[in-house]
Amino acid sequence: MSIATAINKNRCIYFGLEPRRTSTTRRFADDPFLARFGHQLPRGLRQEAHGLQWRTFAAIYSPTPDLRLQFRSEEKLPGGMIHYTAAIKTRSGETHHDIIASGPVQAATQLLATAGRRVEICSFHQYDIFEATVTFIRVCHNKDERWAMGFGGTRSQSAAAALSNAAFLLHT
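All residue numbers here refer to positions counted from 1 along the written sequence of the relevant chain. This being a predicted model, a pLDDT of at least 70 is required before a residue's local features are given, and a value of 80 or more before pairs of side-chain atoms are given or counted; all residues contribute to the totals for chains, interfaces and linings. The basis for every side-chain value is the complete set of heavy atoms in the structure, and neither hydrogens nor water enter the calculation.

**Q** Let's hear about the pattern of salt bridges: which residues, and what values?
**A** The working definition used for a salt bridge is a side-chain nitrogen of Lys or Arg within 4 Å of a carboxyl oxygen of Asp or Glu. As enumerated under the stated definition, the model contains 5 salt bridges in all. The closest approach of N and O atoms between Arg155 and Asp128, which form a salt bridge, is 3.0 Å. Of the two residues, Arg155 sits in helix α6 (residues 155-171) while Asp128 sits in strand β6 (residues 120-129), which places them 27 residues apart along the sequence. One salt bridge in this structure joins Arg138 and Glu145, with 2.6 Å as the shortest N-O distance. Buried, partly exposed and exposed residues are distinguished by accessible area as a fraction of the type maximum, computed with a 1.4 Å probe on protein chains only: under 20%, between the cut-offs, and over 50%, respectively. A relative accessible area of 23% places Arg138 in the partly exposed class. Residue classification places Glu145 among the partly exposed residues on the basis of a relative accessible area of 43%. For the purposes of this entry, the term helix denotes a DSSP run of H or I that reaches at least four residues, the term strand denotes a run of E that reaches at least two, and both are numbered from the N terminus.

**Q** Which residues make up the packing of aromatic side chains, and what values do they have?
**A** Any two rings among Phe, Tyr and Trp, with Trp reduced to its six-membered ring, count as a pair given centres within 6.5 Å; such a pair is stacked if its planes are under 30 degrees apart, edge-to-face if over 60, and tilted if neither. Across all of its chains, the model carries 10 aromatic pairs by this definition. With centroids separated by 5.6 Å and ring planes inclined at 35°, the aromatic side chains of Trp54 and Phe57 adopt a geometry described as tilted. Note that Trp54 and Phe57 are positioned in helix α4 (residues 54-61) at a spacing of 3 residues, about one turn of the helix. Classification of Phe57 as buried rests on a relative accessible area of 0%. Put simply, the rings of Phe33, Phe37, Trp54, Phe57, Tyr61, Tyr127, Phe130, Phe136 and Phe151 touch in pairs and so form one group of aromatic residues.

**Q** Describe the pairing of strand β3 (residues 67-76), with residues and values.
**A** By the convention used here, strands pair only if DSSP detects at least 2 bridges between them. In the sheet, β3 pairs with strand β4 (residues 82-90) via 9 bridges, with the strands oriented antiparallel. Within the sheet, the bridge partner assigned to Leu69 lies in β4 and is Ile88. Where β3 folds back on β4, the antiparallel hairpin that results is connected by 5 residues, among which Gly79 adopts a positive phi of roughly 80°.

**Q** Let's hear about the sheet that holds strand β5 (residues 93-101): which residues, and what values?
**A** Spatial ordering of the open sheet is given by β3-β4-β5, a layout of 3 strands whose pairing is antiparallel. Strands at the two margins of the open sheet, each flanked by one partner only, are β3 and β5. Going from strand to strand, the sheet's axes swing by 20° on average, the running direction of each strand aside. Here helix α5 (residues 104-114) sits on the sheet in contact with β3, β4 and β5, set at roughly 135° to β3. Orientation is described by lines fitted to C-alpha atoms, with helices fitted over the stretch in contact, and by angles between N-to-C directions that extend from 0 to 180 degrees. Any two residues whose heavy atoms approach within 4.5 Å at even a single point are treated as in contact.

Here it is as structure tokens:
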């Protein structure tokens, strides 16, 4: 292509290629978590959430579940095991559980399975943001897959919130 056939677009000479984006505004709109907290979403979730505003993103991936799991205490035991005291809150009340597991994700998945909300973790991502932690998790059950998000004051609480949200999204 000759210069004579070039098209002047936004004060740039255009030769059939899109002009390079120099503004970060559009990039932030492509990833609502990056715009709000400065961390990119995991790749698959970033593609799903492309262009969503923060409120819409939070409503879709972090809904208010009808069954909410919260860890009340953690006590380290010999052999790398941890004793968790947990509460499962539902609309009809709250039940307390004690479980020994190798970590919070194992404890949460076992408690959710006991409550009839089986989930299998396909992808797990956790970030520290300010004084909190956020967990992004892709879970599956049978042929259904969902991404979910959970915030918490600790890594354990964040994982429990994300798994509660994921179980809600999968089983309702």
